[in-house]
Amino acid sequence: MQKTEFEKMRSSELYCFEDSQVWESIKRANTLCARFSALTLSSPDYREVVEQLIPGLPKSSMVTPPFRCDHGSGIVIGHDTFINYDCIMLDGGYIRIGNHCKIGPRCSFYTPQHPIDYVERMQPVETCLPITIGDNCWLGGGVTVCPGVTIGDRCIIAAGSVVVRDIPSDSLAAGNPAVVKRHLGSLTK
């Protein structure tokens, strides 16, 4: 059986982003993002709207409006995770964020990868490479995480960093592009 364009998108395969199923998902998320971004953490319908936007969001986790995403259904957030203001998650590919994470304001997670060949890039196609953030991570304000990146457990990514390659667990990384500055080791005895 042939995959739909939406299934290709989620499988990191080249897909057409003008496909009707893909567009319906984007339109749904756009509407929910606009509604959600007009709320506060104390708004009576905050939890209802955020759970419509990001299905399966644990009750112990918070996403602070305003917030933008492409689909919402491609975002998986662990328990006791906090996502601060102005986060952008382009979730054509899955974006998985672990438990007990702190995501600073204006962080961006980009899964779309456009073709390198300019002729192919003129077509309405792209691939989406998943992003994974481990447990107990802290991303400072304005961090950008690029397509296909995995950040291991217990990492700190300094504010303003652009993460273009994997970061191993227990690392402090900084810069553009982000590089590991030191190994954090175990801070608990």
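Preceding this section is the structure that the text describes.
Residues numbered from 1 in each chain as written. Predicted model: local features only at pLDDT ≥ 70, side-chain atom pairs only at ≥ 80, totals over all residues. Heavy atoms only, no water.

**Student:** Go over unusual backbone geometry with me, naming the residues and quoting the values.
**Tutor:** Residue Pro 66 is bonded to the preceding Pro 65 through a cis peptide linkage, with omega at 0°. Position of Pro 66 among the secondary structure elements: in the loop between strand E2 (62-63) and strand E3 (67-69). The omega angle of the peptide bond from Asn 176 to Pro 177 is 0°, so this bond is cis rather than trans. One non-glycine residue with positive phi stands out, namely Asp 86, at about 60°. (Helix = DSSP H or I, 4+ residues; strand = E, 2+ residues; numbered from the N terminus.)

**Student:** Lay out the side chain of Lys 8 in plain terms, naming residues and giving numbers.
**Tutor:** Within the secondary structure, Lys 8 sits in helix H1 (residues 5-10). You can call Lys 8 buried: its relative accessible area is 18%. The contact partners of Lys 8, leaving out residues within four places of it in the chain, are Lys 3, Glu 13, Leu 14 and Tyr 15. (Buried < 20%, exposed > 50% of the residue type's maximum accessible area, 1.4 Å probe, protein only. Contact = heavy atoms within 4.5 Å.)

**Student:** Describe helix H2 (residues 20-37), listing the residues and the values that go with them.
**Tutor:** Compared with an ideal rise of 1.5 Å per residue, which puts 18 residues at 26 Å, H2 spans 25 Å between its outermost C-alpha atoms and is within 8% of the ideal. Listed as buried for H2 are Val 22, Ser 25, Ile 26, Ala 29, Leu 32, Cys 33 and Phe 36. On an axial view of H2, the arc spanned by its buried residues comes to 135°, and they lie on one face. Looking at H2, the residues exposed on the side facing more than 90 degrees away from the buried face are Ser 20 and Thr 31. The secondary structure elements touched by the buried residues of H2 are H1, strand E1 (15-16), helix H3 (46-53), E2 and E3. (Expected span 1.5 Å × (residues − 1). Arc of directions from axis to C-beta.)

**Student:** Can you lay out the packing of aromatic side chains for me, pointing to particular residues and giving the numbers?
**Tutor:** Tallying each qualifying case throughout the model produces two aromatic pairs. Between Phe 36 and Tyr 46, the ring centres sit 5.5 Å apart and the planes meet at 40°, which makes this aromatic pair tilted. Within this pair, whereas Phe 36 is found in helix H2, its partner Tyr 46 is found in helix H3, the two being separated by ten residues in sequence. Of the two residues, Phe 36 and Tyr 46, neither departs from the other in class, the shared state being buried. Judged by centre distance (6.4 Å) and plane angle (85°), the rings of Phe 36 and Phe 67 are edge-to-face. Highlighted residues: Phe 36 in helix H2 and Phe 67 in strand E3, separated in sequence by 31 residues. What makes Phe 36 buried here is its relative accessible area of 0%. The ring of Tyr 94 has Arg 10 sitting right over it, with the charged end atom 5.0 Å from the ring centre. (Phe/Tyr/Trp six-rings, centres within 6.5 Å; stacked < 30°, edge-to-face > 60°. Lys NZ or Arg CZ within 6 Å of the ring centre and 35° of its normal.)

**Student:** Break down the nonpolar core for me, with residues and values.
**Tutor:** In this structure, Val 63, Phe 67, Met 89, Phe 109, Leu 139 and Ile 151 are the most contacted members of the largest nonpolar core, which totals 39 residues. Counting only elements with at least two residues in this core, the list comes to H2, H3, E3, strand E4 (75-77), strand E6 (87-90), strand E7 (95-97) and strand E12 (131-133). Residues in contact with Ile 151, not counting those within four places in the same chain, are Thr 132, Ile 133, Gly 134, Cys 137, Val 145, Ile 157, Val 163 and Ile 167. Counting six residues, the second largest nonpolar core, distinct from the first, contains Phe 6, Met 9, Tyr 15 and Cys 128. (Core = buried A, V, L, I, M, F, W, Y, C linked by side-chain atoms within 4.5 Å.)

**Student:** So what's going on with the sheet that holds E3? Residues and values would help.
**Tutor:** The strand order across the open sheet built from five strands is E3-E6-E9-E14-E17, with neighbouring strands paired in parallel fashion. Single-partner strands in this sheet number two, and they are E3 and strand E17 (162-163). (Pairing = 2+ DSSP bridges.)

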